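# Commentary on secondary and tertiary structure
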Amino acid sequence: MGYHFMYVCLCTGVTDGKIRDAIYEGCCSYREVREATGVASQCGKCACLAKQVVRETLADLQLSQAAIPYPVEFSAA
Ligand code: FES
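One structure accompanies this document, and this report is about it. In this text the structure is predicted, and so the values were computed from the model without any measurement. (Residues numbered from 1 in each chain as written. Predicted model: local features only at pLDDT ≥ 70, side-chain atom pairs only at ≥ 80, totals over all residues. Heavy atoms only, no water.)

Here we take up the nonpolar core. Judged by nonpolar contacts, the single largest core of 17 residues is most densely connected at Val8, Ile19, Ile23, Val33 and Val39. Among the elements of the structure, strand E1 (7-9), helix H1 (16-24), helix H2 (30-37) and helix H3 (47-65) are those that each provide at least two residues to this core. Ranked by residue count, the leading element in this core is H3, at 5 residues. Not counting residues within four places of it along the chain, the set of residues in contact with valine 8 comprises Val14, Thr15, Asp16, Ile19, Val39, Cys46, Leu49, Ala50 and Val53. (Core = buried A, V, L, I, M, F, W, Y, C linked by side-chain atoms within 4.5 Å. Buried < 20%, exposed > 50% of the residue type's maximum accessible area, 1.4 Å probe, protein only. Helix = DSSP H or I, 4+ residues; strand = E, 2+ residues; numbered from the N terminus. Contact = heavy atoms within 4.5 Å.)

This is the structure:
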């Protein structure tokens with residue numbers, strides 16, 4: 001959660017933070033994010049911006065995961 005966020009999609013009220021959350025929760029493509037959040041499901045004007053936020057977030061995530069190859073599989077048991 002950040003103090004800075006902006007609306008990506010005014011029709012559905014989806015913020016960039018909501019898109020990031022969807023990706024952190026497992027979405028790995030623009031299509032999946034759109035299905036999960038409803039972003040760009042109405043007028044479609046926000047599609048370019050939404051795609052850009054998805055792309056940037058996926059790139060950030062790949063960088064942070066480079067140091068931890070299997071974060072989801074890891075188990076202390
Ligand atoms: S602004 Fe996103 S669908 Fe209209």
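What follows picks up the thread again.
Turning to the side chain of threonine 37, a few remarks are in order. With respect to the secondary-structure elements, threonine 37 resides in helix H2. On the accessibility criterion, threonine 37 (16% relative accessible area) is buried. One polar contact links the side chain of threonine 37 to the main-chain carbonyl oxygen of valine 33, over a distance of 2.8 Å. Among the polar contacts listed, one links the side chain of threonine 37 to the backbone nitrogen of valine 39, at a separation of 3.1 Å. Setting aside anything within four residues of it in sequence, one finds threonine 37 in contact with Val14, Lys18 and Ala22. (Polar contact = N/O pair within 3.5 Å; in protein donor to acceptor, adjacent residues only side chain to side chain.)

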